[in-house]
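Residue-level structure breakdown
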Amino acid sequence: MTNPGTILMGDEEAIKASFDEMNQLPVDWDLSDKPVEPLRKMQTTLAGEATVSGPGTFMGKAMRTITLAPSNQEGWWLDRADMPNSLPIRVGIANVWTTGQIVSNIVLRSGNPHNYVRMVEHMISLRMGMGIDNMVIKLDSGDPPLFEQGSLDLVEAINSCGVQTLDKPVNYFTVKEPVTVGGTYGDFVTLAPPENPDNPQLTIDAAINFKTALGQQRIKFPVCKELTEMASVARTNTSNTKVWYCRTIGKLFADVRNLGYNRKNVSIAGKTRYINEPRLIHEGKALEAVWHRSVLDLLAAIALIPNGLFVGQIKSYKAGHRLDCDLMKQLYLNEVLVSLDDYLKGV
């Protein structure tokens, strides 16, 4: 991908400068040539149910439980058992309520303002890599569990259920040309058509750039089940400065005071070194942060396309949940999504 294409949001010159800046970064792990299976033709759901529990994300002293279950309805749904008179929340951009204030996260809501689920990204991102099109996630509150192994517990739960193939075709979408949204910090996200029309896939080129020990990290890979499972252990990262803030001033705020984060379930980086042991080391360099950004954060936004799966190229630099969700909104406001079949007919 050589240029950002049509700018849907943001300053064009700033985006072009950031695009060039990212292209100059070395690729730390290039998996672009990894063989992957052709696109699935038929939709799937789970063949059984699985339940997992863990400390709450925003109420760390409380145990939270979620159950993954099959669904006859198309898409992924969040169903709060503690709100029996509220409808399940469909995973889709129209139901995004906020991307957080103090703690960055995607919050989905439907109908009743109390019918919400916070920090959904580490669950719904798996819609893009685990090969499950239809699912109900049953929760006992709006505060999902936080696991020490990132989303690996959920990956293992999905695998334990097995897969049921349905008599419904999968809908695939793409864009006709590159489209980009840009933020105010040199951040951008670009979507483009698939690189190889003869074997269309979802591919990611993602980079981060922090003024901490995380530094610059860049990876390129096709989205597939194997790499999703590998990267699912990647934890949310934070700086040592934010840890200090949470332990001091942050205690004034309920969201921070009760957070379930600890040294096991979050990666902490100081200015020049990691405070705890990083994961996903490749050729001597820790790439946990960029894998988390790619597989558990960025793909959560792509999963917000409710009626099918996106196929094409994604390029992301220094972006986060807010810009990701802005991109999803702009796709619909500008009506740039097209069916993959229609796109391929015109190639």
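What follows concerns the side chain of Asn276. Mapped onto the elements, Asn276 comes out in the loop between strand S19 (266–269) and strand S20 (281–282). Discounting residues that sit within four places of it in the chain, Asn276 has contacts with Arg235, Arg263, Val266, Ser267 and Ile268.

Now for the nonpolar core. Within the largest apolar cluster, 85 residues are counted, with the highest numbers of intra-cluster contacts made by Leu191, Trp291, Met328 and Leu331. No other element matches helix H7 (residues 288–302), which puts 10 residues into this core. Setting aside anything within four residues of it in sequence, one finds Trp291 in contact with Trp29, Leu31, Ile219, Phe221, Met230, Ala231, Ala234, Leu280 and Leu296. Formed by 7 residues, the second largest nonpolar core is a distinct cluster that contains Ile15, Phe19, Phe188 and Ala207.

Where H7 meets helix H8 (residues 321–333), the axes come as close as 8 Å, and the angle between the chain directions of the two elements is 35°. As for the relative orientation of H7 and H8, their crossing is right-handed in sense. Side by side, H7 and H8 meet where Arg293, Asp297, Leu298, Ala301 and Ile302 of the first sit next to His321, Asp324 and Met328 of the second. Class assignment of the residues belonging to the contact of H7 with H8 gives a composition of 4 nonpolar, 1 polar and 3 charged.

We now examine the packing of aromatic side chains. This structure, assessed with the given rule, holds 5 aromatic pairs. When the ring of Trp97 is compared with that of Tyr116, the centres are 5.7 Å apart and the planes differ by 55°; the resulting orientation is tilted. Note that Trp97 is positioned in strand S8 (residues 96–98) and Tyr116 in strand S10 (residues 116–117), a separation of 19 residues in sequence. When the ring of Phe221 is compared with that of Trp291, the centres are 4.8 Å apart and the planes differ by 45°; the resulting orientation is tilted. Of this pair, Phe221 sits in strand S17 (residues 216–222) while Trp291 sits in helix H7, and the two are 70 residues apart along the sequence. Accessibility classification places Phe221 together with Trp291 in one group, the buried group.

Basis of the calculations
- Residues numbered from 1 in each chain as written.
- Predicted model: local features only at pLDDT ≥ 70, side-chain atom pairs only at ≥ 80, totals over all residues.
- Heavy atoms only, no water.
- Helix = DSSP H or I, 4+ residues; strand = E, 2+ residues; numbered from the N terminus.
- Contact = heavy atoms within 4.5 Å.
- Core = buried A, V, L, I, M, F, W, Y, C linked by side-chain atoms within 4.5 Å.
- Buried < 20%, exposed > 50% of the residue type's maximum accessible area, 1.4 Å probe, protein only.
- Axes fitted to C-alpha atoms, helices over the stretch in contact; angles between N-to-C directions.
- Left-handed = near helix turned anticlockwise from the far one by under 90°.
- Nonpolar A, V, L, I, M, F, W, Y, C, P; charged D, E, K, R; others polar.
- Phe/Tyr/Trp six-rings, centres within 6.5 Å; stacked < 30°, edge-to-face > 60°.

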